[in-house]
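A closer look at the structure
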Amino acid sequence: MRLALLTVRFLEQAGALALLGGRALARLARPPFELQAWLKQMDQIGVRSLGVAGITTVFTGMVLALQTAYSLPGLGVKYYIGTVVSKSLVRELAPVLVALIVGGRIGAGMTAELGTMKVTEQIDALRSMAADPVKKLVVPKLAATLVMLPILTLIGNLLGVLGGLLIGIYELGLTAAFYWNDALSALTISDVGSGIGKSVFFAFFITTVACHNGLTASGGADGVGRATTNTVVVASILVLVSDFFLTKIFYLVG
Amino acid sequence: MSDAPIFDVSGLVRRYGSKVVLAGIDFKLGRRECLTIVGRSGVGKSVTLRLLIGLEQPTSGSILFDGQEIVGLSETSLQPIRRRVAMLFQGGALFDSMNVFDNLAFPFREHRMAGEKELPARIEELLAKVGLPGIERKTPADLSGGMRKRVALARALALEPEVLLFDEPTTGLDPMTSASIGKLILDTRTETGCATLVVTHDITLARRISDRMAFLHEGRFTFLGTFAEADRSDDPLLGDFLAGREESLHDA
């Protein structure tokens, strides 16, 4: 009985998310485009997440290089550090880690903002003035995340590989030219493409979950707090689980 | 303009799960009338307003706006109606990410009713109407509760509505500010000729502004008429409410 109830609730939530996601995409494609609102969100979502995305990927690149060299000593692995770092970062680690860290940051922000608007009746006020909350509030956030998360991932790729370079030079005694050559020759267009492709999906999932939780928040400050926590948890799980399937799909298509 | 009521509500029921908030209310709102719905806190007064512009859907019943059934309409089909009916929310519901100017500009921009060049003049005029000239650059956080409600009224007037819905316009305000809000509602009515529906538990305000009053109790209107009739009514609960007495033993 309890399981049935949980299943129904899960399906309800999934349905509501799909509905909001679909609506937002449909309105995203339809004019008028409120470019000013989009740019503001891009600044808030993208530019202000640069620091945290950068730190995450630089250190991941460094750890990856160290860990690989130290865990397989004597096999000459350090001469392939560039390959290991660039392949795993670009295909997998940068998109996922950037989505997790940046997603937590921006997702929580979106839910808190929309949730506060909901509980203070600002969303109702918007509707009462014959405006569409999805078009006014969700679409700019979706547009900005769809553009900025892939860009942050690209920057993360670069910084992560640079992190590996630092370790390669200062810890493992490689030359910069050797490392770069190795790192870049290992990479294919499809590696970069699949990483960026994933981040586009992550951006869609994070924004949909965050906006849905915000728009349905109730119960004052406490409710907004709960909705925000829920966003971080659900968005992270969605990123990790969907990553598995996306990895599978991207390997299949190239 | 016809004499038919602008709102004609019948058999309106709203349930949340097993909780019945409105058990079937009927009323008509005349085109220039001011009707006040009074009742104790939490009896579903605000819900009634929300139903009238489709922010929520009733469990059953009918709401005719200018002869058109609005129950069951989609968000898109409700939009033309919402442009003609403005609602003032309890806390003002100003957009706190925008300053006063942008809050007031919102309906103009959204419905392309004025170009950016005309906006300053239009907004100045609206702010003057509610007695708050020159506060365009302030943010909602800088304003007192009474000022926020005035700005919200200015924003509601921007669309030149035919009906104004007020949700608890004086709650949380001191008696003098409440009185000035009452005067503002009266002045707005005189000036614009809007029909007005006010939900409140402020009897002083209700007496001052309304043509008729409805008393909502346990999901129904137990009284609907003028204050003169209400004062003569022998309903003990209404008597207690009007006199501001605590509930006596009538319920038992």
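Note that the coordinates shown come from a computational prediction; the quantities given were computed from them, not determined experimentally.

A closer look at the overall build of chain A
Along the backbone of chain A there are nine helices and zero strands. Walking chain A from its N terminus toward its C terminus, one meets helices and strands in the order α-α-α-α-α-α-α-α-α. Projected onto the principal axes, the alpha-carbon positions of chain A cover approximately 70 × 50 × 35 Å. Buried residues in chain A amount to 45% of all 254 residues. Considering only residue pairs separated by 6 or more positions, chain A has 89% of its internal contacts joining residues 24 or more positions apart.

Details of the interface of chain B and chain A
You'll often see interface size given as the accessible area lost when the parts meet. In this assembly, 14 residues from chain B lie in contact with ten residues from chain A. When its residues are assigned to classes, the side of chain B that touches chain A shows nine nonpolar, two polar and three charged.

Overview of the packing of helix H5 (residues 145-157) of chain B against helix H6 (residues 175-192) of chain B
All names here are of chain B. At a minimum axis separation of 10 Å, H5 and H6 run at an interaxial angle of 10 degrees. Considered as vectors, H5 and H6 are oriented roughly parallel to each other. Here Gly146, Lys149, Arg150, Leu153 and Leu157 of H5 lie close against H6, whose contacting residues are Thr177, Ile181, Leu184 and Thr188.

Brief notes about the sheet that holds strand S2 (residues 19-29) of chain B
All names here are of chain B. Across the sheet, four strands lie side by side as S2-S1-S4-S5; this open sheet has antiparallel pairing. In this open sheet, the two strands that pair with only one neighbour each are S2 and strand S5 (68-69). Both strand S1 (residues 7-16) and S2 contribute to a ladder of eight bridges, which runs antiparallel. Across the sheet, valine 13 pairs through a bridge with alanine 23, a residue of S2. Packing against the sheet, helix H1 (residues 45-52) makes contact with S1, S2 and strand S4 (60-65), and its axis sits at approximately 120 degrees to S1.

So, unusual backbone geometry
Residues and elements named next belong to chain A. At the junction of proline 31 and proline 32, the peptide bond is cis and its omega measures out at 0 degrees in the coordinates. Tracing the sequence through the fold places proline 32 in the loop between helix H1 (2-28) and helix H2 (35-45). The backbone of glutamate 121 sits at a positive phi, close to 65 degrees, despite the residue not being glycine. Turning to its location among the elements, glutamate 121 is positioned in the loop between helix H4 (81-119) and helix H5 (122-128). The backbone phi angle of alanine 130 is positive, close to 60 degrees, even though this residue is not glycine. In this structure, alanine 130 sits in the loop between H5 and helix H6 (133-170).

Brief notes about the pairing of S1 of chain B
All names here are of chain B. The hairpin formed by S1 and S2 contains two residues between the paired strands, and glycine 17 there has a positive phi angle of roughly 60 degrees. Here five bridges tie S1 to S4, and the two strands are oriented antiparallel to one another. If you follow serine 10 over to S4, its bridge partner there is serine 62.

Examining the confidence of the model for chain B
For chain B, the average pLDDT comes to 88, and 97% of its residues sit at 70 or higher. Of the two predicted TM-score estimates for the complex, the pTM is 0.88 and the ipTM is 0.89.

Here's the deal with the sheet that holds strand S3 (residues 34-38) of chain B
Residue and element names in this part refer to chain B. Here we have six strands laid out as an open sheet, ordered S6-S7-S8-S3-S9-S10, and mixed in their pairing. Looking at the sheet topology across the chains shown, the edges are occupied by strand S6 (85-88) and strand S10 (220-225). With strand direction ignored, the average angle separating the axes of adjacent strands in the sheet is 15 degrees. Sheet topology places strand S7 (residues 163-167) next to strand S8 (residues 195-200); five bridges connect them, and they run parallel. Within S8, the position partnered with leucine 165 by the bridge is leucine 197. Sitting on the sheet, H1 is in contact with S3, S6, S7, S8 and strand S9 (212-217), with an inclination near 150 degrees to S8.

Points about H1 of chain B
Residue and element names in this part refer to chain B. Counting buried residues along H1, seven of its eight residues qualify, which places the element largely inside the surrounding structure. Among all positions of H1, only Lys45, Val47, Thr48, Leu49, Arg50, Leu51 and Leu52 are buried. Positive backbone phi, approximately 75 degrees, marks glycine 54, located one or two places after H1.

Quick notes on the nonpolar core
Within soluble globular proteins, side chains that are nonpolar generally end up buried alongside one another. Counting 127 residues, the largest nonpolar core has Ile206 of chain A together with Met87, Leu88 and Leu165 of chain B as the members making the most contacts within it. In terms of residue count, H4 of chain A provides more of this core than any other element does, 16 residues in total. In this structure methionine 87 of chain B touches Ser128 of chain A together with Leu49, Ile53, Ala156, Leu165 and Asp167 of chain B, once residues within four positions along its chain are discounted.

So, the environment of glutamate 12 of chain A
Assignment of secondary structure puts glutamate 12 of chain A in helix H1. With 80 residues separating them in the primary sequence, glutamate 12 of chain A and glutamate 92 of chain A have C-alpha atoms 31 Å apart.

Reading the values: rules and limits
- Residues numbered from 1 in each chain as written.
- Chains lettered and ligands numbered in written order.
- Predicted model: local features only at pLDDT ≥ 70, side-chain atom pairs only at ≥ 80, totals over all residues.
- Helix = DSSP H or I, 4+ residues; strand = E, 2+ residues; numbered from the N terminus.
- Buried ≥ 20, exposed ≤ 12 C-beta atoms within 10 Å, placed from the backbone.
- Contact = placed C-beta atoms within 7 Å.
- Nonpolar A, V, L, I, M, F, W, Y, C, P; charged D, E, K, R; others polar.
- Axes fitted to C-alpha atoms, helices over the stretch in contact; angles between N-to-C directions.
- Parallel < 35°, antiparallel > 145°, perpendicular 65-115°, else oblique.
- Pairing = 2+ DSSP bridges.
- pLDDT = per-residue confidence, 0-100.
- Core = buried A, V, L, I, M, F, W, Y, C linked by C-beta atoms within 7 Å.

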